[in-house]
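Structural features, examined
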Number of protein chains: 2
Amino acid sequence: MSEAAYLKLVELGREVQLVADTQALLSWDQEVLMPSKSLEYRGEQMAWFSGWIHEQNTKPEVGEWIEEAESQCSGDSDEVAKANLREWKHSFERETKLPRRLVEEFALAQVHAKSAWAEARAKSEFSIFAPHLTKLVSLCKEQAECWGYLETPYDGLLDKFERGASTVRLTETLGDLRTSLIPIVEEATSNEPFDRSCLEGQYPIEKQKAFNHEVAAAMGFDFDAGRIDTAVHPFCSGMAPHDTRLTTRYDESDFLSSLFGVLHEAGHGLYEQGLTVEHRGQPVGNAVSLGIHESQSRLWENHVGRSRAFWDRWLPVAAGYFPHLASVDVDTMYRAVNQASLSYIRVESDEVTYDLHVLLRFEIEKLIFSDQLKIDEIPEAWNSRFESYFGLTVEDDANGCLQDIHWSLGIFGYFPTYSLGNINAAHLASEARSNSVVKSDMDAGEYSSLLNWMRSKIHGRGSILMPDDLVIEATGRPANPTALVHHLRDRYLTKS
Amino acid sequence: MSEAAYLKLVELGREVQLVADTQALLSWDQEVLMPSKSLEYRGEQMAWFSGWIHEQNTKPEVGEWIEEAESQCSGDSDEVAKANLREWKHSFERETKLPRRLVEEFALAQVHAKSAWAEARAKSEFSIFAPHLTKLVSLCKEQAECWGYLETPYDGLLDKFERGASTVRLTETLGDLRTSLIPIVEEATSNEPFDRSCLEGQYPIEKQKAFNHEVAAAMGFDFDAGRIDTAVHPFCSGMAPHDTRLTTRYDESDFLSSLFGVLHEAGHGLYEQGLTVEHRGQPVGNAVSLGIHESQSRLWENHVGRSRAFWDRWLPVAAGYFPHLASVDVDTMYRAVNQASLSYIRVESDEVTYDLHVLLRFEIEKLIFSDQLKIDEIPEAWNSRFESYFGLTVEDDANGCLQDIHWSLGIFGYFPTYSLGNINAAHLASEARSNSVVKSDMDAGEYSSLLNWMRSKIHGRGSILMPDDLVIEATGRPANPTALVHHLRDRYLTKS
């Protein structure tokens with residue numbers, strides 16, 4: 001479309017994106033580099049940007065432009081214009097319901113909560129974090145009330161992360177997944193624990209960095225348009241059209257920790273690098289949802305990185321960096337990266353038990369937002385549930401409800417998208433591997449045809465379709481847990 | 001003052017500063033981290049911020065507020081209010097003379113010129129940089145015409161960096177300095193060259209970083225409110241009230257290169273960290289001028305870092321990091337860091353010849369802005385002058401007119417402030433050492449009383465006074481080259 005109102009929306013979007021991308025640098029910098037005393041000022045900066053962006057997006061003329069552009073949009077308009085209008089309208093309706101005061105208060109509260117959470121986790125003291133969590137939950141409830149929702153305030157929050165999702169449907173999907181997982185978990189975790197002593201040794205950080213760089217480059221991550229840095233909590237920020245930054249963390253006694261961090265975040269990063277640059281600042285130029293984003297990270301982490309073909313190729317390379325690995329064979333390495341066990345930390349958990357961690361937090365979040373759980377009751381609720389799901393007693397909150405950063409960012413309704421990601425990853429991987437070239441390349445440790453498949457079917461499609469429709473377009477059918485369950489059975493049960 | 005108009009100016013200043021400090025992060029990031037393909041987009045971001053800031057600072061109501069606040073300002077108003085009004089008025093008058101288009105065009109041109117310069121220097125091909133330089137010079141001439149000037153457009157540019165400076169006066173001061181320097185240079189560079197073989201060896205970068213960190217911390221640099229990173233061109237960015245970032249560069253065969261980078265930049269950093277936080281966003285909360293800023297960096301680099309007392313304390317520490325230095329004595333080290341020689345690169349030059357490099361670029365800049373030198377004639381003009389000042393033939397422009405980054409940032413009129421900085425540094429150091437505690441501490445390799453002296457007399461005074469008045473307040477008399485000349489004679493000629 002080239003009508004005036006539409007072009008005004010494109011132009012405004014471009015300007016707002018330039019500024020939002022700068023705010024993304026502020027946020028990235030806070031995680032990676034910022035000196036500690038700068039926290040308060042950074043909070044003011046973040047709040048200002050959130051407020052300014054909100055003000056631009058909710059100017060009355062934006063509503064008029066949307067109406068005018070809609071009236072000019074016909075059945076013949078291209079899919080890009082239709083999708084942009086769909087998303088502009090949706091965001092405008094949601095954003096105009098929030099007062100600027102609430103937007104700024106939320107941004108400011110996030111900055112302080114993030115720092116309180118880090119301290120609380122380090123000391124394993126929930127009480128340090130509790131007042132911040134109370135504040136953020138209350139602000140999120142206020143947001144949800146502003147937006148309105150189908151059945152529960154939690155529905156209103158979900159929409160931020162997964163367009164079209166509902167609490168009822170997610171509860172059903174994750175419940176189904178749980179039912180299928182339980183027998184796999186039971187069998188897979190009952191095996192004799194793997195003896196990791198053959199992997200013991202020193203893994204100098206500089207060498208880990210070099211190895212990770214080599215792997216990420218082979219996956220197709222463009223280092224002229226991205227970087228890898230170090231942060232406590234690994235993440236990926238697609239902060240500009242040609243600037244995608246990953247982080248990971250290093251353990252000198254275990255190269256797998258930083259490697260799998262990079263495989264996961266580079267999966268996100270490839271998605272960001274595959275979005276259409278010309279559409280930057282338009283809704284269609286954005287990733288469509290977290291459930292799709294996470295499908296890309298889990299695809300590379302699990303379906304590529306934990307495969308035997310991966311280690312056929314990369315174990316000899318790793319042994320070049322870490323000579324004591326020369327005595328380890330591919331079979332052993334494959335078993336080392338595919339051990340199921342009941343453990344405390346989600347991000348370090350295996351593929352089989354991972355979704356139980358997600359489910360647990362999803363349930364806690366639902367209780368919080370239906371006023372059935374008070375903030376100071378969270379640790380107890382977490383721990384008792386954890387015991388019943390995992391058979392483990394949580395001794396300290398750092399290994400329990402404080403383990404994840406998300407709540408400190410005011411992010412509620414995000415967690416279930418991790419399981420959607422797992423489901424989507426298996427579903428997409430299975431479809432991609434039905435293409436014989438993709439399959440034979442992957443089996444040979446080559447990734448370009450897999451990446452091209454994702455580029456054309458997922459990355460390059462941006463937000464043109466809603467998440468469910470995107471999956472249907474790419475695979476011919478809706479995603480469901482079947483492929484994931486098959487994959488886990490194949491990988492974890494065939495040997496027993 | 002608490003009158004409404006004044007408070008509105010304070011509030012606007014605070015908001016604009018928040019945004020400008022974010023732009024400073026963008027700029028820092030471009031030098032230190034940004035992936036190469038992001039250049040174009042970064043240019044758009046920088047231009048947007050420059051334009052937005054300009055727009056805020058030149059809103060018609062700002063002029064009204066200034067007038068109103070001035071009318072309420074009486075002889076009894078405090079010095080802070082008076083200074084803020086003096087600077088607000090001056091900036092408003094200058095900024096309103098520039099169209100937003102010119103401000104944005106300048107910011108965009110800078111980003112591209114910086115990258116072209118880096119390539120041109122790497123390849124030593126002036127022609128790569130020439131079109132960008134032509135553009136920037138033309139934009140600067142346009143700026144100067146907008147602002148107006150006393151005698152030459154160059155006067156208009158100087159004001160950006162050194163309030164109250166004029167081409168005529170600088171020509172005189174630097175001319176006087178040159179006259180005094182020439183015999184010192186002749187004598188100091190005629191000595192037998194120092195044999196550096198005793199310093200030869202490996203200096204692992206991680207160890208250099210640790211040593212530099214220890215030195216900077218001992219100087220008083222607060223690492224909870226700052227960092228040191230790596231960049232091709234060392235610089236310091238005071239990008240937020242508690243966020244001052246230095247950069248340096250590393251040479252594995254020479255630890256002095258990164259160390260003196262840190263000493264210099266930490267001098268700037270201490271000034272930034274010593275500004276009054278409550279005044280952030282007001283003119284008085286800013287450094288007053290580059291001639292004063294550079295006095296701080298040169299003070300720590302030369303008057304502290306090249307002193308015998310410094311090496312009495314730090315040589316044993318350095319030998320802990322770099323064991324082969326254990327066989328070097330303090331006398332040798334002192335001589336190693338105080339060698340005068342005629343060489344090509346300003347930033348690597350010694351104290352004695354440094355100002356000749358400055359003078360040369362100052363002369364070239366004056367010729368450019370009085371239309372006596374065309375852009376493509378610069379290399380030849382540089383080289384022939386260089387030969388007459390230094391007796392050396394410039395073989396490639398990377399070691400000649402392309403060596404410094406400043407022109408690529410559109411910075412003209414900045415260079416003479418380096419010599420002002422040297423003059424001020426010696427003048428302030430001499431006055432500070434007339435305090436017996438400062439002197440005995442410095443002679444013992446302790447820095448807190450020197451830092452406190454600068455904190456109270458320079459840093460904490462911000463822009464309350466104009467540069468010349470600040471020096472008079474601090475020392476009882478105007479700065480002149482005498483102290484610098486004495487210092488150089490003492491250090492370089494006493495042994496002969």
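Cut-offs and rules
Residues numbered from 1 in each chain as written. Chains lettered and ligands numbered in written order. Predicted model: local features only at pLDDT ≥ 70, side-chain atom pairs only at ≥ 80, totals over all residues. Contact = placed C-beta atoms within 7 Å. Helix = DSSP H or I, 4+ residues; strand = E, 2+ residues; numbered from the N terminus. Nonpolar A, V, L, I, M, F, W, Y, C, P; charged D, E, K, R; others polar. Domains from an automatic or database assignment. Core = buried A, V, L, I, M, F, W, Y, C linked by C-beta atoms within 7 Å. Buried ≥ 20, exposed ≤ 12 C-beta atoms within 10 Å, placed from the backbone. Axes fitted to C-alpha atoms, helices over the stretch in contact; angles between N-to-C directions. Parallel < 35°, antiparallel > 145°, perpendicular 65-115°, else oblique. Left-handed = near helix turned anticlockwise from the far one by under 90°. pLDDT = per-residue confidence, 0-100. Pairing = 2+ DSSP bridges. Least-squares fit on C-alpha atoms with pLDDT ≥ 70 in both. Expected span 1.5 Å × (residues − 1).

**Notes on the interface of chain A and chain B**
Taken together, the 24 residues of chain A in the interface contact 25 residues of chain B. Within the residue set of the side of chain A that touches chain B, elements represented by two or more residues are helix 1 (4–32), helix 2 (39–57) and strand 1 (226–230) of chain A. Grouping the constituent residues of the side of chain A that touches chain B by class yields 11 nonpolar, 6 polar and 7 charged.

**Notes on the domain arrangement of chain A**
Residues and elements named next belong to chain A. Under the domain assignment used here, chain A contains domain 1 (4–148) and domain 2 (168–493). Residue-level contacts link 36 residues of domain 1 with 30 residues of domain 2. Put simply, the parts of the chain that give the side of domain 1 that touches domain 2 at least two residues each are helix 1, helix 4 (79–96), helix 5 (100–123) and helix 6 (126–147). For the side of domain 1 that touches domain 2, the leading source of residues is helix 6, giving 11 residues. When grouped by side-chain class, the residues that make up the side of domain 1 that touches domain 2 number 21 nonpolar, 7 polar and 8 charged.

**Focus: the nonpolar core**
With 221 residues, the main nonpolar core has A:Ala266 and B:Ala266 as its most contacted residues. Those residues in contact with B:Ala266 that sit more than four places away from it in its chain are B:Ala216, B:Met219, B:Phe221, B:Leu246 and B:Trp300.

**A few points about the packing of helix 11 (residues 290–304) of chain A against helix 16 (residues 416–433) of chain A**
Residue and element names in this part refer to chain A. Remark: helix 11 packs on helix 16, axes separated minimally by 7 Å, with the N-to-C direction vectors making an angle of 60°. The angle between helix 11 and helix 16 falls in the class oblique. Seen along the crossing, helix 11 lies across helix 16 with a hand that is right-handed. Contacts between helix 11 and helix 16 involve Leu290, Gly291, Ile292, Glu294, Ser295, Ser297, Arg298, Leu299, Asn302 and His303 from the first element and Thr417, Tyr418, Leu420, Gly421, Asn422, Asn424, Ala425, Leu428 and Ala429 from the second. Class assignment for the residues of the contact of helix 11 with helix 16 results in 8 nonpolar, 9 polar and 2 charged.

**Thoughts on unusual backbone geometry**
With a phi angle near 55°, A:Asp371 is a residue other than glycine that sits in the positive phi range. On the basis of neighbour counts, which here come to 10 C-beta atoms within 10 Å, the residue A:Asp371 falls in the exposed class.

**Here we look at the confidence of the model for chain A**
Within chain A, residue pLDDT values average 95, and 99% of them lie at 70 or more. Interface scoring of the predicted complex returns ipTM 0.93; its pTM is 0.94.

**Here we look at the sheet that holds strand 1 of chain A**
Residue and element names in this part refer to chain A. Pairing within the open sheet is mixed, and its 3 strands lie in the order 1-3-2. Both outer strands of the open sheet, strand 1 and strand 2 (236–240), are each paired with one neighbouring strand and no more. Each strand axis lies, on average, 20° off the axis of its neighbour in the sheet, ignoring direction. When strand 2 meets strand 3 (residues 243–248), the two strands line up antiparallel, connected through 4 bridges. Bridging across to strand 3, Gly238 finds its partner in Thr244. Together, strand 1, strand 2 and strand 3 form the strand contacts of helix 1, whose direction differs from that of strand 2 by roughly 145°. Against the sheet, helix 10 (residues 255–274) contacts strand 1, strand 2 and strand 3, and its axis sits at roughly 165° relative to strand 3.

**Some words on the environment of B:Arg42**
Residues and elements named next belong to chain B. Residue position: Arg42 is located in helix 2 (residues 39–57). The buried category is assigned to Arg42, around which 24 C-beta atoms lie within 10 Å. For the pair Arg42 and Val10, spaced 32 residues apart in the sequence, the C-alpha separation amounts to 29 Å. Residues contacting Arg42, with those up to four places away along its chain left out, are Leu26, Gln30, Met34 and Val111.

**Quick look at the relation of the copies chain A and chain B**
Mapping chain A onto chain B is achieved by rotating through 180° and translating by 0.0 Å along the same axis, at an RMSD of 0.0 Å. Expressed as a symmetry operation, the mapping of one chain copy onto the other fits a two-fold axis. The overlap is high: 100% of the interface residues of chain A also sit at the interface in chain B, so the same surface is used on both sides.

**Re helix 16 of chain A**
Residues separated by three or four positions in an α-helix point in the same direction, a consequence of the helix having 3.6 residues per turn. Taking 1.5 Å of rise per residue, the 18 residues of helix 16 of chain A would be expected to cover 26 Å, and the 26 Å separating its terminal C-alpha atoms lies within 8% of that figure. The buried fraction of helix 16 of chain A amounts to 15 of the 18 residues, a majority that puts the element mostly inside the structure.

**Re the sheet that holds strand 2 (residues 236–240) of chain B**
Residues and elements named next belong to chain B. Taken in spatial order, the 3 strands of this open sheet run 1-3-2, and their pairing is mixed. Every interior strand has two partners, whereas the edge strands, strand 1 (226–230) and strand 2, have only one. Neighbour to neighbour, the strand axes of the sheet diverge by 25° on average, direction disregarded. Where strand 1 lies against strand 3 (residues 243–248), 5 bridges are found, and the strand directions are parallel. Note on strand 3: the bridge partner recorded for Thr230 is Thr248. On top of the sheet, helix 10 (residues 255–274) reaches strand 1, strand 2 and strand 3; it is set at about 165° to strand 3, its chief contact.

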